[in-house]
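These are the residues of each chain, in order.
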Amino acid sequence: MKKIFVFLLMFFLFSCTKVKETKMEKKLERYKPVVLNWNINYLDRWEVEVLKEMIKVEPLIDELFLIQVHPENLKWIEMIKDEDLKEYFKINFGPWDRLESNKPFWGNIKKPKGAGFYPFDLKKEEFENYIKDLSEEEKEKFKSYFTVIVRKNGNLEALPYSTYYKNYLEKLSEILKNASKLSESASLKKFLMSRAESFLSNDYFQSDMDWMDVSDTNLEITIGPYETYEDELFGYKASFEAFIGVVNPEESEKLKFVGEHIVELDESLPYPKGFKGEKKGALSPIRVVDLVLSAGDTKAGVQTIAYNLPNDERVVAQKGSKKVMLKNVIEAKFDAILKPLSLILLEEEMQSFVTKDAFFNEILFHEVSHGLGPGIIYLEDGTKTTVRDELKDLYSFLEEAKADVSSLYLIDYLVKNKKLPKALENEVPATYLASMFRSLRFGVNEAHGKGVLLQFNWLYEKGGILRSPEGKYILSLEKFKEGLKGLLEKIISLQAKGDYEGTKILSEKYTKMPDFLKEDLKKLKDLPVDIKPIFSLNF
Ligand code: ZN
């Protein structure tokens, strides 16, 4: 009797807390905590020692990125006492909700477009007017990925990261040097040493080159200022991040053929006639990795599942780019989100085609695609430039859309050439459809989400995606394939010409969220939007 009473009481208490669940708890539930496992048996003794040294970078990179997002972040996080709120602040690296177009969830300060990289009141026009008459060399400093723009005595100044973030970069440099000493792989030793120097010199070219050459180790260490998404003013400034992982040698071996066929894959893309530009580097290693730890930019909000680096076109032209697939993260997202989502939004006959294998391949070829297509281009007047410089703030969203669309194009090509299993023919489009809804939930103000909206609206308009009155989705395969091809041609031609105005027109027409889609996405409200990684660091 007593037991039952206790049980009932607990039930009562439990349901009460359930009812009283705070708004912040609801927000936190959107990120499902998942433990990321990895296999220590792939590592030699010395590699374990290097790893133990390298995981020390986490708090430094996290803080550094917090400051890059907003210089007041460190002060603000100290002011917050509520545990849930603090946790959500940490997930978002600031008081702005990355899943809700950066709406503030604490305080009411609007997030500056240029994050902590520029003076808050700086307008695009002011910056452009200011640098217009500067020498080429000075202009480069202002547009550099690795400078912060500040106001001094009424003038604008470009300060190198190595000066502006000196305290952090010196400490990081020290850790990398220590790790370098422990390395028994000469190439890893060289990379860690040269990256340690980059932090102090602000020149990342050589260490990017060395990163491409790392071999003879199952450690995958990526650390530095890389992506420019956080700078929504110009997309110039790079954010600090780190990925530390363990290579799965068997899975990586299986993908060797992709690297070997990279030139052929690039040539299969629909380049416009008479394209003037330089082909990207032919070397393109792929590593399948289980993530041990991530820090900074990549850990904010939605978790990265794969990356393709470096971004420096000069390095890509000489060495190609390396693709790293984060297998344990990919699998965690498939199980926690993609599969359950497909049961809610896809017509029944499509559901069984949503597979882990197709998901993995789409992500893989998304990354492969970033290394293909126009990079360094020549404008009509002969000026040598890059797609990134010409498309500025619109570059990232178009490049992400290109990577999604050409990934399907390349898989199709490889299936036809019997390099990939035939089953993918049906699995990939279905999984892609489910994956679009997954990405749209990340918010459409951000490059990936906006790129997906372009694809969805385009394919819906062409009749490739169909929606039942109940809000269930299905593909019309022929129209879907035609639509994809048309979209890819369009994107590559915009990139090949460095056509900012054309990209703007495309963006304005196709990146609005239709009302029916907004309603349908609401059906996913009880599903987590993403995972929150729990790192296994007791080794
Ligand atoms: Zn991408």
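Here goes a summary of the coordinates provided. Numbering of residues starts from 1 in every chain and runs along the sequence as written. Where totals are concerned, whole chains, interfaces and linings use all residues; where local detail is concerned, this predicted model gives features only for residues with pLDDT of at least 70, and gives and counts side-chain atom pairs only at 80 or more. Hydrogens are left out, water is left out, and the side-chain values use all remaining heavy atoms of the structure.

Attention now moves to unusual backbone geometry. Here the amide bond leading from Leu309 into Pro310 is cis, since omega sits at 0°, within 30 degrees of zero. Counting from the N terminus, the helices are DSSP H or I runs at least four residues long and the strands are E runs at least two residues long. Tracing the backbone through its elements, the reader meets Pro310 in the loop between strand S10 (306–309) and helix H16 (313–319). The phi torsion at Lys418 lies on the positive side, around 60°, for a residue other than glycine. Structurally, the position occupied by Lys418 is in the loop between helix H21 (395–416) and helix H22 (424–440). On the accessibility criterion, Lys418 (74% relative accessible area) is exposed. Buried means the residue's accessible area, taken with a 1.4 Å probe over protein chains only, is under 20% of the maximum for its type, while exposed means over 50%, and partly exposed covers the values in between.

Let us now look at the packing of aromatic side chains. Here is the rule: rings of Phe, Tyr and Trp (six-membered ring for Trp) pair when centre to centre is within 6.5 Å. Planes less than 30 degrees apart are stacked, more than 60 are edge-to-face, and the remainder are tilted. Counting across every chain of the model gives 34 aromatic pairs. Ring geometry for Phe89 versus Trp106: centroids 6.3 Å apart, planes at 80°, classification edge-to-face. Pair noted here: Phe89 is in helix H6 (residues 83–92) and Trp106 is in the loop between strand S3 (103–104) and helix H7 (124–132), with a separation of 17 residues, a long-range link. Given a relative accessible area of 24%, Trp106 falls into the partly exposed group. Judged by centre distance (5.1 Å) and plane angle (90°), the ring pair of Tyr164 and Tyr165 falls under edge-to-face. Tyr164 gets classed as partly exposed once you look at its relative accessible area, which sits at 36%.

Met54, Val57, Ile223, Phe365, Val368 and Phe437 are the most contacted members of the largest nonpolar core, which totals 154 residues. Per-element accounting of this core gives the leading share, 10 residues, to H21. If you look at the next biggest cluster of nonpolar residues, it comprises 20 residues, including Leu28, Leu66, Trp76 and Phe93. What makes a nonpolar core is a set of buried Ala, Val, Leu, Ile, Met, Phe, Trp, Tyr and Cys residues whose side-chain atoms join them at distances within 4.5 Å.

The next thing to look at is the coordination of the zinc ion. Binding of the zinc ion to the protein goes through His366 (NE2), His370 (NE2) and Glu400 (OE), at separations of 2.1 to 2.2 Å. Each metal's donors comprise the N, O and S atoms found within 2.8 Å of it (within 3.2 Å for Na, K or Ca). Water is not part of the atom list, so some coordination spheres may appear incomplete. Going along the chain, you hit the donors of the zinc ion in the pattern H-x3-H-x29-E. Linking His366 with His370, this pair stays in helix H19 (residues 356–370), spanning 4 residues, or about one helical turn. Like His366, the residue His370 is buried in the burial classification.

Looking only at helix H25 (residues 500–510), the buried set comprises Gly502, Thr503, Leu506, Ser507 and Tyr510. Viewed along the axis of H25, the buried residues span an arc of 135°, placing them on a single side of the element. Exposed side chains of H25 directed beyond 90 degrees from the buried face belong to Ile505 and Lys509. Residues of H25 that are buried sit in contact with helix H20 (387–391), H21, helix H23 (447–461) and helix H24 (477–497). By the criterion applied in these results, polar contacts are pairs of N or O atoms within 3.5 Å in which, for protein atoms, one can donate a hydrogen and the other can accept it, and in which residues neighboring in sequence qualify only through two side-chain atoms. At the N-terminal end of H25, a side-chain oxygen is found 3.3 Å from the backbone nitrogen of Glu501, two or three residues along, and the residue is Asp499. The arc under discussion is defined with respect to the helix axis, by the directions toward the C-beta atoms. Two residues form a contact once any of their heavy atoms are found within 4.5 Å.

Here, any two strands with at least 2 DSSP bridges between them count as paired. Read from one edge of the open sheet, 3 strands run S8-S12-S13, paired in antiparallel fashion. The open sheet is flanked by strand S8 (277–278) and strand S13 (384–386), the only strands paired with a single partner. Where S8 meets strand S12 (residues 376–378), 2 bridges bridge the pair, whose relative direction is antiparallel. Within S12, the position partnered with Glu278 by the bridge is Ile376.

Take empty space enclosed by the protein next. A cavity, in this analysis, means grid points on a 1 Å lattice covering only the protein atoms where a 1.4 Å probe fits yet has no way out; a pocket is instead an open set bounded by protein on both sides within 12 Å along at least five of seven lines, and a residue lines either one if it has an atom within 4 Å of a point. Grid points are joined across faces, edges and corners, and a volume is the space filled by probe spheres set on the points. A complete count under the given rule lists 3 cavities of 30 Å³ or more for this structure. Computed from the structure, the largest cavity encloses a volume of approximately 60 Å³. Contributing to the lining of the largest cavity are Tyr145, Thr228, Phe234, Gly235, Tyr236, Arg388, Asp389, Lys392, Tyr395 and Ser396. Those elements that place two or more of their residues in the lining of the largest cavity are H20 and H21. Considering only residue class, the lining of the largest cavity consists of 4 nonpolar, 3 polar and 3 charged. Taken as a whole, the second largest cavity spans an internal volume of roughly 40 Å³. Lining of the second largest cavity is provided by Leu36, Phe243, Leu291, Ser294, Thr298, Gln303, Thr304, Leu326, Val329 and Pro533. In this classification, Asp, Glu, Lys and Arg are treated as charged, Ala, Val, Leu, Ile, Met, Phe, Trp, Tyr, Cys and Pro as nonpolar, and every other residue, Gly included, as polar. For the lining of the second largest cavity, the class distribution of residues is 6 nonpolar, 4 polar and no charged.

Such coordinate-based values are descriptive only and should not be taken to indicate function.
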